Amino acid sequence: MKNFYAEFMGKVPRKIEYFSVMDLEQQKYPIGKLNVPETITEAVISEALTVLQLFPEQLKLTTYSLKDAQLDLPYRDGEGVWTIRQLIHHIADSHHHAYNRIRWTLSEENPTAKVYDQDAFAKSYDYKHAPIAWSVSHIEVLHQKMVYILSNLSEAQWERTYVHPADDKVWTLKEVALQYAWHSMHHFAHIKNGVARG
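Rules and cut-offs
- Residues numbered from 1 in each chain as written.
- Predicted model: local features only at pLDDT ≥ 70, side-chain atom pairs only at ≥ 80, totals over all residues.
- Heavy atoms only, no water.
- Core = buried A, V, L, I, M, F, W, Y, C linked by side-chain atoms within 4.5 Å.
- Buried < 20%, exposed > 50% of the residue type's maximum accessible area, 1.4 Å probe, protein only.
- Helix = DSSP H or I, 4+ residues; strand = E, 2+ residues; numbered from the N terminus.
- Contact = heavy atoms within 4.5 Å.
- Phe/Tyr/Trp six-rings, centres within 6.5 Å; stacked < 30°, edge-to-face > 60°.
- Lys NZ or Arg CZ within 6 Å of the ring centre and 35° of its normal.
- Axes fitted to C-alpha atoms, helices over the stretch in contact; angles between N-to-C directions.
- Parallel < 35°, antiparallel > 145°, perpendicular 65-115°, else oblique.
- Nonpolar A, V, L, I, M, F, W, Y, C, P; charged D, E, K, R; others polar.
- 1 Å grid on protein atoms, 1.4 Å probe; cavity = no way out; pocket = protein on both sides within 12 Å on 5 of 7 lines; lining within 4 Å.
- Points joined across faces, edges and corners; volume = space filled by probe spheres on them.
- Expected span 1.5 Å × (residues − 1).
- Arc of directions from axis to C-beta.

A. Focus on the nonpolar core. Of all hydrophobic cores here, the largest spans 26 residues; its most connected members are Leu52, Ile102, Leu150, Trp158 and Val176. Among the elements of the structure, helix H3 (42-63), helix H5 (84-107), helix H8 (132-151) and helix H10 (173-197) are those that each provide at least two residues to this core. Among all residues touching Trp158, those that are not within four sequence positions of it are Ile45, Leu49, Leu150, Leu153, Thr172, Leu173, Lys174 and Ala177. Counting 19 residues, the second largest nonpolar core, distinct from the first, contains Leu71, Ala92, Tyr127 and Ile191.

Dropping the structure here:
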């Protein structure tokens, strides 16, 4: 997470890994898979919140000048890969679910999260045609609210949990903060590489 955090803070220029030198696994996971540390420190949480705070503006700066022809290109190699447009709409819906899960976790005892079929969502008309500005604005508001809520949690609230029914994994809100900071950077790298590819 640190390389992308540094990039967002404007401290370290990031070299784009062009697709000609990336294998399919690198294209899928350009910053690596999510790796939640066994002990989540205040410093790690602070870094995750900073990423969540900065991501919407970075997304806006990266995508505001893209033409429809660029948005409608796949963001990486592979069968059935989403376009950049679909990916941006996915981020908005995914992080909307994250916001709801945070709310449920703070108001219910170990709730079971509602799951959804992200591939079915991506096949819908709006994912393929709607302006990305709507989803970018939605992400901006969601992240403002998520960061505000998470920044004001007590230690006991950070340890509250929900269950994801796909694998029965129990997630603490500390882990959720790291998960969606990673998810933001994961897809930010996809978009940057997809733009460079096009």
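B. Broad picture of the packing of aromatic side chains. Counted according to the given criterion, the structure contains two aromatic pairs. An angle of 45 degrees between the planes, with centres 4.8 Å apart, marks the rings of Tyr116 and Phe121 as tilted. Phe121 sits in the partly exposed class, given a relative accessible area of 31%. For Lys33, the ring lying beneath its charged end belongs to Tyr29, and the centroid distance is 5.1 Å. Of note, Lys169 hangs over the ring of Trp171, and the distance from its end group to the ring centre comes to 4.5 Å.

C. A look at the packing of H5 against H10. Contact geometry for H5 and H10: axes closest at 11 Å, N-to-C directions at 175 degrees. Considering the angle they form, H5 stands roughly antiparallel to H10. Along its contact with H5, which presents Ile84, Leu87, Ile88, His90, Ile91, Ser94, His95, Ala98, Arg101, Ile102, Thr105 and Leu106, the element H10 presents Leu173, Val176, Tyr180, His183, Ser184, His187, His190, Ile191, Gly194 and Val195. For the contact of H5 with H10, the per-class residue count stands at twelve nonpolar, nine polar and one charged.

D. Region of interest: the layout of surface pockets. Of the pockets and cavities examined, the largest pocket occupies roughly 760 Å³. Going through the elements one at a time, H5, helix H6 (118-122), strand E2 (169-172) and H10 are the ones with two or more residues in the lining of the largest pocket. When residues of the lining of the largest pocket are assigned to their parent elements, the largest contribution, seven residues, is made by H10. Its residues assigned to classes, the lining of the largest pocket comprises eleven nonpolar, eleven polar and seven charged.

E. Here's a closer look at unusual backbone geometry. With phi around 45 degrees, Asn110 is a residue other than glycine that occupies positive phi space. Along the chain, Asn110 turns up in the loop between H5 and H6. Even without glycine at this site, Asp168 takes up a positive phi of about 60 degrees. Considering the arrangement of structural elements, one finds Asp168 in the loop between strand E1 (161-164) and E2.

F. Representation of H8 in the model. Helix length check: H8, at 20 residues, gives a terminal C-alpha distance of 28 Å against a target of 28 Å (1.5 Å per residue), a fit within 8%. The complete set of buried residues in H8 reads Ile132, Ser135, Val136, Ile139, Leu142, His143, Met146, Val147, Ile149 and Leu150. Viewed along the axis of H8, the buried residues span an arc of 155 degrees, placing them on a single side of the element. Turned more than 90 degrees off the buried face of H8, the exposed positions are Trp134, Gln144 and Tyr148. Of the surrounding secondary structure, the elements contacted by the buried residues of H8 are H3, helix H4 (68-71), H5, helix H9 (155-158) and H10.

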